[in-house]
Amino acid sequence: MEIHEIATTTTPRKAMTGLIHSSTCSEPNSTMQEVIVNAETMISKWDPSRPSLEKFTSLFQENREEAEEFVKCVGDLRRVMHFLVSQHAGSNQLVLANKLMKIAMQRLEKEFCHILLTRRECLNPESVSGGSSLSLSNSDEEDDDDRVGEDGVSDVERALLDLKLIAGSMISSGYSKECSKIYRITRKSIVDEELYRLGIRGYTASQISRMDQDALEHQVKKWVNTAKVAVRTLFRGERLLCDYVFAVSETIKQTCIAHTTTEGAINLFRFPETVAKSKRSPEKIFLVMNLFETLSELWPEIESIFSYEPLSPIKLQALSSMHKLSDAAQTILSEFVSSIQKNSSKTPIPGGGIHPLNCSVMNYVSLLADNSGILSDILADEPETVARSPFPESYFDSRSPTSRVASQLAWIILVLLCKLDSKAEIYRDIGLSYLFLANNLQFVVEKVSTSALKLLLGQDWLSKLQTKVKLYAGNYESVAWAKVLSSLPAETEESAHKIKEHFKQFNSAFEAAYRKQSSWVVPDPKLRDEIKVSIARKLVPAYREFYDRNLAILSGEKNLEILVRLSPDNLGNYLSDLFDSAVVVSGIHLPHHHRQSPGCYAVFDPLMS
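Computed from a predicted structure; not experimentally measured. (Residues numbered from 1 in each chain as written. Predicted model: local features only at pLDDT ≥ 70, side-chain atom pairs only at ≥ 80, totals over all residues. Heavy atoms only, no water.)

1. Describing the overall build of the protein
- The helix and strand inventory of the protein stands at 24 helices and zero strands.
- Taken over 609 residues, the protein has a buried fraction of 49%.
- Sequence separation of at least 24 residues holds for 79% of the intrachain contacts in the protein that already meet a minimum separation of 6.
- Counting every atom, the protein has about 29,600 Å² of accessible surface; 52% of that belongs to carbon and sulfur. (Helix = DSSP H or I, 4+ residues; strand = E, 2+ residues; numbered from the N terminus. Buried < 20%, exposed > 50% of the residue type's maximum accessible area, 1.4 Å probe, protein only. Contact = heavy atoms within 4.5 Å. Areas by Shrake-Rupley, 256 points an atom, 1.4 Å probe, with all protein chains shown as cover.)

Right, dumping it as structure tokens:
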């Protein structure tokens with residue numbers, strides 16, 4: 001009969017000496033024969049093939065002390081076999097000992113499998129990673145379902161101790177393959193089932209591409225939550241369990257944990273890569289960043305849990321996903337910039353208001369700024385040699401943004417402003433084109449001032465943009481009101497006829513400018529007030545001087561209210577109505593309640609009528 005190979009690290013004689021002087025099932029002076037006889041009695045009693053044991057009865061659950069005695073007898077028998085192999089290789093004692101060892105291993109195999117299956121709840125990841133002092137966990141939490149026996153040992157600890165005891169006995173007796181096979185098959189099915197329960201599914205890039213944004217957001221959110229549970233509880237618990245049960249063999253613990261977790265873990269970490277490879281869109285970058293952030297957060301734990309060499313494919317998959325996510329995010333940003341540059345809309349925005357492209361881009365950039373931390377990690381992998389822009393970096397800020405994120409976002413805004421500049425050329429009225437630019441740059445200023453962009457781009461960058469807003473607003477005033485201002489003559493004494501002509505010219509120029517601008521808008525309240533105040537400061541004093549100097553000369557004229565339609569205060573009231581879409585001026589006549597009445601030139605206020 002072939003003798004099963006037995007693992008040993010001691011010489012046969014030392015092993016036998018240790019047997020004689022140890023406290024075993026035999027007395028100190030027991031002979032090898034007595035050891036074999038005692039072992040035969042114990043092992044035969046629990047022989048799985050005995051008719052009386054056709055219905056499986058667990059030794060470890062039936063009789064705790066006898067179970068420990070059984071394992072001790074197996075150890076004694078193993079030491080006897082080591083001695084006999086070296087001294088009496090052909091003896092009948094060795095043949096009997098080998099037969100008994102095989103029976104004992106059959107019993108321990110069944111016990112090992114029985115504990116793995118029936119004590120599954122005690123061995124669940126939460127219990128192993130958080131509830132047992134044997135889990136090597138730093139957690140102080142205790143599992144409420146982990147009952148403590150009379151000996152003070154909890155159910156979780158008892159299951160772990162029994163598995164470790166059996167595994168150690170089988171491995172030492174040369175049955176490591178049988179032991180590890182049972183463990184691998186049983187635990188892998190449990191891990192796979194738990195991953196399925198958590199919702200881990202395999203998706204292709206085409207399946208991801210066919211999902212609408214809401215569906216994809218749901219899947220990503222579910223994956224983020226699942227990944228954290230899988231890594232911190234399931235895989236961590238599995239690693240702790242495997243390390244504890246197979247503490248006697250580094251090789252076995254590594255091969256077992258690799259078998260039980262590799263397939264499931266790779267499938268888990270492949271999902272982010274699949275998302276990264278799917279059809280890209282600007283809004284997908286936030287899902288990409290969410291996935292990247294989760295993997296980055298979990299990476300130290302991934303490295304720790306899957307530190308064994310056989311588990312390296314898992315870490316490689318996680319790294320591959322992070323790399324693909326980084327590439328996807330950078331590509332999305334590049335394509336987003338390209339889409340701004342390619343925007344070919346030729347429809348002017350009514351009244352010089354905020355362009356939809358401006359709204360969408362600045363909202364997008366603001367959201368990117370809110371996620372600047374994770375975006376910084378993503379852009380860290382971008383090559384330094386990547387061309388950023390054909391424009392000088394000091395276009396916005398003499399100090400230039402120092403971070404990759406700040407540079408990237410400043411570049412996107414620069415491309416936007418260049419595109420808005422080309423949109424302004426669509427307007428036939430030059431004054432309206434300047435107002436369009438002032439409005440849209442002010443919108444950018446406001447979005448930067450009220451978001452994380454201000455911290456990224458800096459006050460100097462913002463101040464330069466605010467200066468441009470004032471420049472465009474000033475250009476609008478100069479162009480849109482130049483004809484009105486030029487209709488007022490210098491301080492010279494003129495005839496009544498000339499004065500009447502000047503009043504007519506002013507009325508005509510003002511009505512034309514006012515009528516044209518009645519549909520123009522300035523959405524920003526602060527900018528609107530600043531422009532109206534600036535126009536009033538230029539126009540009202542000049543008109544008041546002309547009005548006060550020449551009104552008395554025309555006092556005898558008929559139909560004076562038609563000739564002198566506005567008082568200086570009345571003029572100010574009209575200007576205060578600018579950029580209000582409710583004000584409409586039709587024809588060449590002003591609304592009745594705005595008309596001048598004889599004798600009320602200085603005190604009429606249409607806002608109070």
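2. Digging into helix α2 (residues 32-45)
- Taking 1.5 Å per residue as the helical rise, α2 with its 14 residues ought to reach 20 Å, and the 20 Å between its terminal C-alpha atoms agrees with that figure.
- Listed as buried for α2 are Met32, Val35, Ile36, Ala39, Met42 and Ile43. Viewed end-on, α2 has its buried residues packed into an arc of 135°, placing them on one side of the element. (Expected span 1.5 Å × (residues − 1). Arc of directions from axis to C-beta.)

3. Considerations on the packing of helix α13 (residues 312-342) against helix α16 (residues 404-424)
- Interhelical geometry of α13 versus α16 gives an angle of 15° and a closest axis separation of 9 Å. The orientation of α13 with respect to α16, classified from their angle, is roughly parallel. Remark: the crossing between α13 and α16 carries left-handed chirality. Of the residues in α16, those in contact with Leu333, Phe336, Val337, Ile340 and Gln341 of α13 are Gln408, Trp411, Ile412, Val415, Leu416 and Lys419.
- Class assignment of the residues belonging to the contact of α13 with α16 gives a composition of eight nonpolar, two polar and one charged. (Axes fitted to C-alpha atoms, helices over the stretch in contact; angles between N-to-C directions. Parallel < 35°, antiparallel > 145°, perpendicular 65-115°, else oblique. Left-handed = near helix turned anticlockwise from the far one by under 90°. Nonpolar A, V, L, I, M, F, W, Y, C, P; charged D, E, K, R; others polar.)

4. A short note on empty space enclosed by the protein
- Applying the stated rule across the entire model yields two cavities of 30 Å³ or more.
- The wall of the largest cavity is formed by Gly199, Ile200, Arg201, Tyr203, Gln219, Lys222, Trp223, Thr226, Asn267, Leu268 and Phe271.
- Broken down by element, the lining of the largest cavity gets its largest block of residues, four residues, from helix α10 (residues 213-245). (1 Å grid on protein atoms, 1.4 Å probe; cavity = no way out; pocket = protein on both sides within 12 Å on 5 of 7 lines; lining within 4 Å. Points joined across faces, edges and corners; volume = space filled by probe spheres on them.)

5. A short note on the pattern of salt bridges
- In total, this model carries 20 salt bridges according to the counting rule given.
- Between lysine 188 and aspartate 192 there is a salt bridge whose closest N-O contact spans 2.7 Å. Here lysine 188 and its partner aspartate 192 are both found in helix α8 (residues 176-198), four residues apart, which amounts to about one turn of the helix.
- For lysine 188, a relative accessible area of 16% corresponds to the buried category.
- For aspartate 192, a relative accessible area of 29% puts it in the partly exposed group.
- A salt bridge links lysine 188 to glutamate 263; the shortest N-O distance between them is 2.8 Å. Here glutamate 263 lies in helix α11 (residues 250-277) and lysine 188 lies in helix α8, a separation of 75 residues in the sequence. (Salt bridge = Lys/Arg side-chain N within 4 Å of Asp/Glu carboxyl O.)

6. What to know about a negative patch on the surface
- On the surface, Asp212, Asp214, Glu217 and Glu283 cluster together into a negatively charged patch.
- Following the sequence through the fold, aspartate 214 ends up in helix α10.
- On the basis of relative accessible area, aspartate 214 is assigned to the exposed category, the value being 60%. (Patch = residues over 30% accessible without salt bridge, like charges linked within 9 Å, V, L, I, M, F, W, Y side chains within 5 Å. Lys, Arg positive; Asp, Glu negative; His and termini not counted. Charge placed at Lys NZ, Arg CZ, Asp CG, Glu CD.)

7. A short note on the packing of aromatic side chains
- Throughout the structure, instances matching the rule amount to 20 aromatic pairs.
- Here tryptophan 223 and phenylalanine 271 contribute two aromatic rings whose centre-to-centre distance is 6.1 Å and whose plane-to-plane angle is 25°, an arrangement assigned as stacked. Highlighted residues: tryptophan 223 in helix α10 and phenylalanine 271 in helix α11, separated in sequence by 48 residues. As far as the burial class goes, tryptophan 223 and phenylalanine 271 line up, both buried.
- Grouped by ring-pair contacts, the aromatic residues Trp481, Phe503, Phe506, Phe510, Tyr514, Tyr543, Phe546, Tyr547 and Tyr574 constitute a single cluster.
- The positively charged end of arginine 201 is found above the aromatic ring belonging to tyrosine 196, 3.9 Å away from the centroid. (Phe/Tyr/Trp six-rings, centres within 6.5 Å; stacked < 30°, edge-to-face > 60°. Lys NZ or Arg CZ within 6 Å of the ring centre and 35° of its normal.)

8. Things to note about the side chain of serine 154
- Inspection of the secondary structure assignment puts serine 154 in the loop between α6 (125-131) and α7 (155-172).
- According to the relative accessible area criterion, serine 154 is buried, its value standing at 5%.
- Within the structure, the side chain of serine 154 is placed 3.2 Å from the backbone nitrogen of glutamate 157, a separation counted as a polar contact. (Polar contact = N/O pair within 3.5 Å; in protein donor to acceptor, adjacent residues only side chain to side chain.)

9. Some details on the environment of isoleucine 166
- Looking at where isoleucine 166 falls in the secondary structure, it is placed in helix α7.
- In contact with isoleucine 166, other than residues within four places in its own chain, are Phe60, Leu108, Glu111, Phe112 and Ile115.

10. Looking at the environment of glutamate 309
- Here glutamate 309 is to be found in the loop between α12 (284-305) and α13.
- Along the backbone, glutamate 309 and glutamine 254 are 55 residues apart, and their C-alpha atoms lie at a distance of 7.9 Å.

11. Here's the deal with the packing of helix α5 (residues 92-118) against α8
- Running from N to C, α5 and α8 point in directions that differ by 15°, and their axes come no closer than 10 Å. In terms of orientation, α5 lies roughly parallel with respect to α8. Once α5 is placed against α8, the crossing between them reads as right-handed. In this structure, α5 contributes Glu109, Phe112, Cys113, Leu116 and Leu117 to the contact, and α8 contributes Glu178, Cys179, Ile182, Tyr183, Thr186, Arg187 and Ile190.
- A class-by-class count of the residues in the contact of α5 with α8 yields eight nonpolar, one polar and three charged.

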